[in-house]
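Breakdown of the fold
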Number of protein chains: 2
Amino acid sequence: MNKVVDAPTPPYFAVIAPAELAEDVRGYPELATKLLELARHQPGFLGIESGFQQGFALAVSYWASLEAIDAWSANSRHMLAKEKGKSVWFRKYVTRIAKVERVY
Amino acid sequence: MNKVVDAPTPPYFAVIAPAELAEDVRGYPELATKLLELARHQPGFLGIESGFQQGFALAVSYWASLEAIDAWSANSRHMLAKEKGKSVWFRKYVTRIAKVERVY
């Protein structure tokens, strides 16, 4: 997660996930690790990059297709449903689905 | 840079810029601040999110159009040309241009 992902030639897809964190994020790092493991085993997963600041997390995962993202999204929702959920750890978050068209 | 960007309804564009940092990044934070100021004054700039890990930086900036990105890119190249340049601070980096199609 601290390396530049070697993705194939575009087009491919990116899930850009910024989040403003709550004060108390106990339990979240463990869940994030599980979600990452889930992603790694998901067909079409190309890699993930992430970074942090005080009270803020930014992750970008790369995928071969929108179908791969939908499948991963459904699986991660199931996992989140069993946990406290994003609403406890995140003050604010969005998920942006983007098509990578050019890389240089 | 540590807030979730309130972008308009898609489509809009993202510049995803991951970088593996060199040991010695002296001078880079100052340049990054200047580049951010330049971006803020650029037509079509919608915002930026960024995060860091040991030896790694991830920034995602948002833009109204590809033309806005091209203009910003030309301006930032001029600024970089006057400085030491990315090759000194970054071990490895790529720039991915993506079209944000869906947000939820």
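So, the pairing of strand β2 (residues 45-53) of chain B
Residue and element names in this part refer to chain B. When β2 meets strand β3 (residues 56-63), the two strands line up antiparallel, connected through eight bridges. Each bridged residue has a counterpart across the sheet, and for Ser 50 the counterpart in β3 is Ala 59. Between the antiparallel neighbours β2 and β3 lie two residues, among them Gly 55 with a positive phi of about 75 degrees.

A few points about the relation of the copies chain A and chain B
Taken as rigid bodies, chain A and chain B are interconverted by a rotation of 180 degrees and an axial shift of 0.0 Å, the fit giving an RMSD of 0.0 Å. Each copy turns onto its partner about a two-fold axis. Within chain A, the C-alpha atom positioned nearest to the axis of rotation is that of Gly51(A), 1.9 Å from it. Take the interface residues of chain A: 100% of them recur as interface residues in chain B, which is what a same-surface contact looks like.

As for helix α1 (residues 28-40) of chain A
Residue and element names in this part refer to chain A. Between its terminal C-alpha atoms α1 stretches 18 Å, which fits the 18 Å expected from 13 residues at 1.5 Å a residue. Among the residues making up α1, those that are buried are Leu 31, Leu 35, Leu 36 and Ala 39. Take α1 and look down its axis: the buried residues cluster within an arc of 140 degrees, on one side only.

Observations regarding the packing of aromatic side chains
Residues and elements named next belong to chain A. On inspection of all chains with the given rule, the structure shows 12 aromatic pairs over all chains. Judged by centre distance (5.3 Å) and plane angle (50 degrees), the rings of Tyr 28 and Trp 89 are tilted. On the criterion of sequence distance, the pair formed by Tyr 28 in helix α1 and Trp 89 in helix α3 (residues 86-89) is long-range, its members being 61 residues apart. The exposure class of Trp 89 is buried, given its relative accessible area of 1%.

A closer look at the interface of chain A and chain B
Counting from both sides, the interface comprises 40 residues of chain A and, opposite them, 40 residues of chain B. The three residues of chain A that bury the most area against chain B are Val4(A), Arg96(A) and Tyr104(A), which together make up 20% of that side's buried surface. Between chain A and chain B we count six salt bridges in total. Asp70(B) is paired through a salt bridge with Arg102(A); the nearest N and O atoms lie 3.7 Å apart. Applying the counting criterion to the chain A and chain B interface returns 22 residue pairs in polar contact (both at pLDDT 80 or more). Those elements giving two or more residues to the side of chain A that touches chain B turn out to be β1 (12-21), β2 (45-53), β3 (56-63), α2 (66-81), β4 (90-93) and β5 (96-103) of chain A. Ranked by residue count, the leading element in the side of chain A that touches chain B is β5(A), at eight residues. Tallied by class, residues from the side of chain A that touches chain B come to 23 nonpolar, seven polar and 10 charged. In the sheet, β5(A) pairs with strand β5 (residues 96-103) of chain B via seven bridges, with the strands oriented antiparallel. Looking at β5(B), one finds that Ala98(A) is bridged to Val100(B).

Calculation rules
- Residues numbered from 1 in each chain as written.
- Chains lettered and ligands numbered in written order.
- Predicted model: local features only at pLDDT ≥ 70, side-chain atom pairs only at ≥ 80, totals over all residues.
- Heavy atoms only, no water.
- Pairing = 2+ DSSP bridges.
- Helix = DSSP H or I, 4+ residues; strand = E, 2+ residues; numbered from the N terminus.
- Least-squares fit on C-alpha atoms with pLDDT ≥ 70 in both.
- Contact = heavy atoms within 4.5 Å.
- Expected span 1.5 Å × (residues − 1).
- Buried < 20%, exposed > 50% of the residue type's maximum accessible area, 1.4 Å probe, protein only.
- Arc of directions from axis to C-beta.
- Phe/Tyr/Trp six-rings, centres within 6.5 Å; stacked < 30°, edge-to-face > 60°.
- Buried area = accessible area lost by both parts, 1.4 Å probe.
- Salt bridge = Lys/Arg side-chain N within 4 Å of Asp/Glu carboxyl O.
- Polar contact = N/O pair within 3.5 Å; in protein donor to acceptor, adjacent residues only side chain to side chain.
- Nonpolar A, V, L, I, M, F, W, Y, C, P; charged D, E, K, R; others polar.

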